[in-house]
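# Summary of structural features
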Amino acid sequence: MLNFRTKFVAAGVLALSLGLGAVSVKAQEFINVLTGGTSGVYYPLGVALSEIYGKGIEGARTQVQATKASVENLNLLQQGKGEIAFALGDSVKLAAEGNTEAGFPGKLDKLRGIAAIYPNYIQIVASKESGIKTLADLKGKSLSVGAPASGTELNARTIFAAAGLKYEDLGRIEYLPFAESVELIKNRQLDATLQSAGLGVASIRDLATSLPVNIVAVPAEDVAKIGSPYLSVVIPKGTYEGQTEDVATAAVGNFLITSADVSDKTAYQMTKLLFEHLDQLTAAHAAAKAIDPAKALDGMPVPLHPGAERYYKEKGLVK
């Protein structure tokens, strides 16, 4: 009888421990960081952010996912397949509006803001031997505009429209990631690439050190035709090898976006840790030097997540 009772109690303890173990596993925080192609800026920053969250958020298990960037990232957030994502401001705005031409099935109503981070520069780079020096020179030439319906490709369409150009004006359009575009230019199979990224992006640095290039200007008057969220900026001389002059272009802000399904506690921690580890992010990519909590709410296209809002209130940035 005693033996049976002992076995019964032991079985109960085992069942209880297994049950608690199941609860513990279920309660574990999973954070999937949605980035972009591995040769862009989103990816190294996403890797750094994943490491920061993995160490700083108790019980968090993090993952970095390479994607086609903005449009795919925002759709994945809406579907519950990511917890934080990098995205271009114009893509976020179009997602909230449900612009189907931009690649969104309808209004993405779960998107919530974490922070404005750094500007993406529209960088159009052509091999010198192609003879392309201006936007008009692209007529009849071959150009890669990024992955289909990516944030970069949306930027390309917008810039072209402002300059009075259409894809049909070009000899050939390719929809390729940054690194693949560069390889084709190196192999004389492509004339130019349009890349929307932070200054000093690895793919263009690689191209500029491999062969002579021209960086094509986007005139301020064309940028003015577009208006917000586009700004007229300059790619400083010396940003890339062989670049001896400043080059005018357009910039669009990048944002970290989360989902309304993410808890207030997690969103608060993600926001707080972002700003407490800017040195680690800057070490991952120089574009992070532009991340500033005082500018983190500038131009936010979607409502702030309540968890992020709590952080900004603590810092006196939101009343």
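So, a few notes on the structure that sits alongside this text.

Calculation notes
- Residues numbered from 1 in each chain as written.
- Predicted model: local features only at pLDDT ≥ 70, side-chain atom pairs only at ≥ 80, totals over all residues.
- Heavy atoms only, no water.
- Axes fitted to C-alpha atoms, helices over the stretch in contact; angles between N-to-C directions.
- Helix = DSSP H or I, 4+ residues; strand = E, 2+ residues; numbered from the N terminus.
- Parallel < 35°, antiparallel > 145°, perpendicular 65-115°, else oblique.
- Contact = heavy atoms within 4.5 Å.
- Nonpolar A, V, L, I, M, F, W, Y, C, P; charged D, E, K, R; others polar.
- Salt bridge = Lys/Arg side-chain N within 4 Å of Asp/Glu carboxyl O.
- Buried < 20%, exposed > 50% of the residue type's maximum accessible area, 1.4 Å probe, protein only.
- Arc of directions from axis to C-beta.

### Here we look at the packing of helix H6 (residues 178–186) against helix H7 (residues 202–210)
Close contact between H6 and H7 brings their axes to 9 Å; oriented N to C, the two are set at 10°. With respect to their mutual orientation, H6 and H7 come out roughly parallel. Note on element contacts: H7 touches H6 through Ser203, Asp206, Leu207 and Ser210, opposite Phe178, Ala179, Val182, Glu183, Ile185 and Lys186. When grouped by side-chain class, the residues that make up the contact of H6 with H7 number five nonpolar, two polar and three charged.

### As for the pattern of salt bridges
Applying the stated rule across the entire model yields eleven salt bridges. A single network of salt bridges, built from pairs that share partners, joins Glu183, Lys186 and Asp206.

### Concerning H6
Every α-helical turn comprises 3.6 residues, leaving residues that sit three or four positions apart pointing alike. Residues of H6 that are buried include every one of Phe178, Ser181, Val182 and Ile185, and no others. The arc enclosing the buried residues of H6, seen along the axis, measures out at 100°, which places them on a common side. The secondary structure elements touched by the buried residues of H6 are strand S4 (111–127), strand S5 (142–144), helix H5 (151–162), strand S7 (192–197) and H7. Phi turns positive one or two residues past the end of H6, at Arg188, with a value near 60°.

### Concerning helix H11 (residues 306–314)
Within H11, burial applies to Gly307, Ala308, Tyr311 and Tyr312. One side of H11 holds all its buried residues, which, seen down the axis, span an arc of 140°. The secondary structure elements touched by the buried residues of H11 are S4 and helix H9 (264–276). Phi turns positive, to about 75°, at Gly316, one or two residues after H11.

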